[in-house]
Amino acid sequence: MNARLIPAEDDISGRRDADPVRLTFEGRTLTGERGQTIAGVLLANGIQSWRTTSYDRRPRGLFCGIGVCYDCIVTVNDERDVRACQRRAHDGDVITAQSDELPVVKE
Ligand code: FES
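Quick summary incoming for the structure in this document.

Rules used throughout
Residues numbered from 1 in each chain as written. Predicted model: local features only at pLDDT ≥ 70, side-chain atom pairs only at ≥ 80, totals over all residues. Heavy atoms only, no water. Pairing = 2+ DSSP bridges. Helix = DSSP H or I, 4+ residues; strand = E, 2+ residues; numbered from the N terminus. Axes fitted to C-alpha atoms, helices over the stretch in contact; angles between N-to-C directions. Salt bridge = Lys/Arg side-chain N within 4 Å of Asp/Glu carboxyl O. Buried < 20%, exposed > 50% of the residue type's maximum accessible area, 1.4 Å probe, protein only. Contact = heavy atoms within 4.5 Å.

Remarks on the sheet that holds strand β7 (residues 94-96)
Judged by pairing direction, the sheet is mixed, and its 5 strands sit side by side in the order β2-β1-β7-β5-β6 without closing on themselves. Of all the strands in the sheet, the pair left with one neighbour each is β2 (28-33) and β6 (79-83). Averaged over all neighbouring strand pairs, the angle between strand axes comes to 40°, with direction disregarded. Note that strand β5 (residues 73-76) and β6 share 3 bridges and pair antiparallel. Looking at β6, one finds that Ile 73 is bridged to Arg 83.

As structure tokens, then:
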């Protein structure tokens with residue numbers, strides 16, 4: 001299924017292939033397995049950063065992996081600020097990267 005996973009027939013643990021899920025990220029179709037988080041699907045498909053910081057436009061992706069840092073936020077089916085490390089991937093999810101401008105401070 002992906003480069004990080006041994007094919008089920010070669011896995012001595014007896015694992016079977018899981019149900020596939022298909023989602024899109026920035027228009028690109030990705031395949032994952034039912035039960036994976038969105039961050040898991042992105043990483044398994046070779047995508048390591050999926051947003052940029054407001055200041056300096058630095059790339060961000062998975063940092064803590066446990067829902068604390070909010071570095072992994074994405075937009076899922078038009079819902080903003082979803083933590084990719086906490087949301088399970090569902091068939092047909094449409095994921096888009098988030099990149100927000102800093103608010104302008106008026107003096
Ligand atoms: S990686 Fe820290 S909240 Fe998702």
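So, next bit.
Some remarks on the pattern of salt bridges
According to the stated counting rule, one finds 6 salt bridges in the structure shown. Among the ionic pairs, Arg 60 bridges to Asp 71, the shortest N-O distance being 3.7 Å. Of this pair, Arg 60 sits in strand β4 (residues 59-61) while Asp 71 sits in the loop between β4 and β5, and the two are 11 residues apart along the sequence. Its salt-bridge partner being Asp 100, residue Arg 80 comes within 2.9 Å of it at the nearest N-O pair. One end of the pair, Arg 80, is in strand β6; the other, Asp 100, is in the segment after β7, and 20 residues separate them in sequence. Exposure remark for Arg 80: the relative accessible area of 44% places this residue in the partly exposed category. The class for Asp 100 is partly exposed, based on a relative accessible area of 30%. Through salt bridges that share partners, Arg 51, Arg 60 and Asp 71 make up one connected network.

Description of the environment of Cys 72
Position of Cys 72 among the secondary structure elements: in the loop between β4 and β5. Taking the C-alpha atoms as reference points, Cys 72 and Arg 83, separated by 11 residues in sequence, lie 5.5 Å from one another. In this view, Cys 72 contacts Trp 50, Arg 51, Gly 61, Val 82, Arg 83, Ala 84 and Cys 85; residues no more than four positions away in its chain are not counted.

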